[in-house]
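Per-entry structural report
Given next are the chains, with one letter for each unit.
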Amino acid sequence: MVLWESCSCPQKERDPLRYVEIERKENRKSGERMIYTVTLNASIDYHVWLQTLTQSSIHEAQKEWKSAGGKGINVSKVLRNLGLPSVALGFAGGFTGAFIRQELEREGIVHQLISIAEDSRINIKIKAGTETDISGVSPSIPSEAQGQLLGQLDLLTGNDVLVLAGSVPASMPADFYGSIMQRLRPRGVNVILDAKGKALAQALPEGPFLIKPNQHELGELFGVQVTTFEEAVYYAKKAMEIGASNVIVTLGGNGAVLVSPETELVAQFPKQQAVNSIGAGDSVVAGFLYGVSHQWEIRNAFRYAVAAGCSTAISEGFCTRENIDAFLPQITLIER
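Residues numbered from 1 in each chain as written. Predicted model: local features only at pLDDT ≥ 70, side-chain atom pairs only at ≥ 80, totals over all residues. Heavy atoms only, no water.

1. Examining the pattern of salt bridges
This is how the line gets drawn: Every case where a carboxyl oxygen of Asp or Glu lies within 4 Å of a side-chain nitrogen of Lys or Arg is listed as a salt bridge. A run of H or I in DSSP counts as a helix once it spans at least four residues, and a run of E counts as a strand once it spans at least two, with each numbered from the N terminus. Each residue is placed in one exposure class: buried if its accessible area under a 1.4 Å probe, protein chains only, is under 20% of its type's maximum, exposed if it is over 50%, and partly exposed if it falls in between.
Enumeration over the complete set of coordinates arrives at 14 salt bridges. In this structure, Asp194 engages Lys71 in a salt bridge whose closest nitrogen and oxygen atoms are separated by 3.4 Å. Placement of Asp194 in strand E9 (residues 190-194) and of Lys71 in helix H1 (residues 71-81) is noted, with a sequence separation of 123 residues between them. A salt bridge links Arg106 to Glu103, with the shortest nitrogen-to-oxygen separation between them at 3.7 Å. With Arg106 and Glu103 both in helix H2 (residues 94-106) and three residues apart, the pair spans about one turn of that helix. For Arg106, a relative accessible area of 59% puts it in the exposed group. Look at Glu103 and you get buried, because its relative accessible area is 4%.

2. Some remarks on the confidence of the model for the chain
For clarity, the cut-off: The predictor attaches a confidence to each residue, called pLDDT, with possible values from 0 through 100. Here a residue-residue contact requires only that any non-hydrogen atoms of the pair lie within 4.5 Å.
Per-chain confidence: the chain averages 90 in pLDDT, with 90% of residues scoring 70 or above. Note that residues 4-30 has pLDDT below 50 and, in this model, 51 contacts with residues that lie over four places away or in other chains.

3. Brief notes about the nonpolar core
Counted only if it meets this: In these notes, a set of buried Ala, Val, Leu, Ile, Met, Phe, Trp, Tyr and Cys residues joined through side-chain atoms within 4.5 Å is what counts as a nonpolar core.
Core analysis: the largest hydrophobic core is formed by 49 residues, its most contacted members being Leu40, Phe91, Leu149, Leu153, Leu162, Leu164 and Tyr177. Within the second largest apolar cluster, 40 residues are counted, among which are Val78, Tyr290, Ala305 and Ile331.

4. Description of helix H6 (residues 215-222)
Convention followed: Throughout this description, a polar contact denotes any pair of N or O atoms lying within 3.5 Å of each other; where both atoms belong to protein, one of them has to be capable of donating a hydrogen while the other can accept it, and for residues adjacent in sequence the pair is counted only when both atoms sit in side chains.
Inspection of H6 places Gln215, Glu217, Leu218 and Gly219 among the buried residues, and these make up the whole buried set. Packing partners of the buried residues in H6 comprise helix H7 (229-242) and strand E11 (246-250). Two or three places before His216, at the opening of H6, Asn214 has a side-chain oxygen 3.0 Å from that residue's backbone nitrogen. After H6 finishes, the residue Gly223 shows a positive phi value of roughly 70°.

5. Some points on unusual backbone geometry
You will see that Ser56, though not glycine, has its phi angle at about 60°, which is positive. Mapped onto the fold, Ser56 is located in the loop between strand E2 (43-49) and strand E3 (63-69). Ser56 sits in the exposed class, given a relative accessible area of 81%. Despite not being glycine, Gln295 shows a phi value in the positive range, around 60°. Inspection of the secondary structure puts Gln295 in the loop between helix H8 (280-293) and helix H9 (298-313).

6. Section: the sheet that holds E2
Think of a sheet as strands paired side by side through backbone hydrogen bonds, with each pair either parallel or antiparallel. Basically, it comes down to this: Here, strands pair whenever DSSP counts at least two bridges between them. Fitted lines through C-alpha atoms give the axes, limited to the stretch in contact for helices. The angle between two N-to-C directions lies from 0 to 180 degrees.
Ordered by their spatial adjacency, four strands build an open sheet running E3-E2-E6-E7, and the pairing between neighbours is mixed. In this open sheet, the two edge strands, each paired with only one partner strand, are E3 and strand E7 (130-134). Recorded for the sheet is a direction-independent mean angle of 20° between the axes of neighbouring strands. In this structure, E2 lies alongside strand E6 (residues 121-128), joined through seven bridges in parallel fashion. Across the sheet, the residue bridging to His47 is Lys125, located in E6.

7. Digging into the environment of Ile134
Tracing the backbone shows Ile134 in strand E7. Its relative accessible area of 42% is what places Ile134 among the partly exposed residues. Excluding its chain neighbours within four sequence positions, the residues that come into contact with Ile134 are Ile122, Asn123, Ile124 and Ile126.

Here it is, written out as structure tokens:
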């Protein structure tokens, strides 16, 4: 499967710094391809490790880790680990927004995050045998900032790839992703959509190249419970009837399925002790995008995507090329 036939140069030769001033269209070279990720709800993810978590008690952390987060940003981080540049778009504000910008710059990820007045949210990830997540309150995104983002996206062309990932803040229209896709459709921009609820349902008819719901998000889309590979394949096909070109459904530690016009695949792997559930799905998106960007066969891109997600799930940070390569032999693909 070839996703970008017009690109004649290997992606690794791209210099993302050319795209820092993406609002200046004249700076873009004809035929250049770039990946853009959008995070409407950027955050600081504050990871805390405890011996135990007991209600109404004071706890002393064993260790802690703070990182810039949000699903689109996570995709950019994994792409960076894989040597594939991207530009991170979205919103950031306050002292938390300053931290997010600084970390992206320190990690060599180009960004054009739009400033907002309110602080970007802080999400707390408590690890005490099991994981407990507390999602912070989203900042208000003013209409002016929303318009700035749309202006940035208006510069994308059919050679570009756009990843729309994560939740839509309550202050923004629930159909914001769908509006972006409708706006960009005449330009032929390839869109990968990783969303849930209304954001997924309202954007799906706009024809994303890929959606990547987990089993619960796919079930919510159709008002059912999805628990088996057969059910995942069935409802993935339903999603394709509505508009998706390709669908990957993750089923936690049980595996994943890919449904595309060419094939239906089930990926299985040995049970592993999950260390980190944050970013595993985003790693699947990044791994698949890495594969199709290099014009791999779709089954190989899917295998790599699943290995990327698994590698992140069993690590304290994001997957790397080395641990993906080490995990790949453990992935079994079954064609349906």
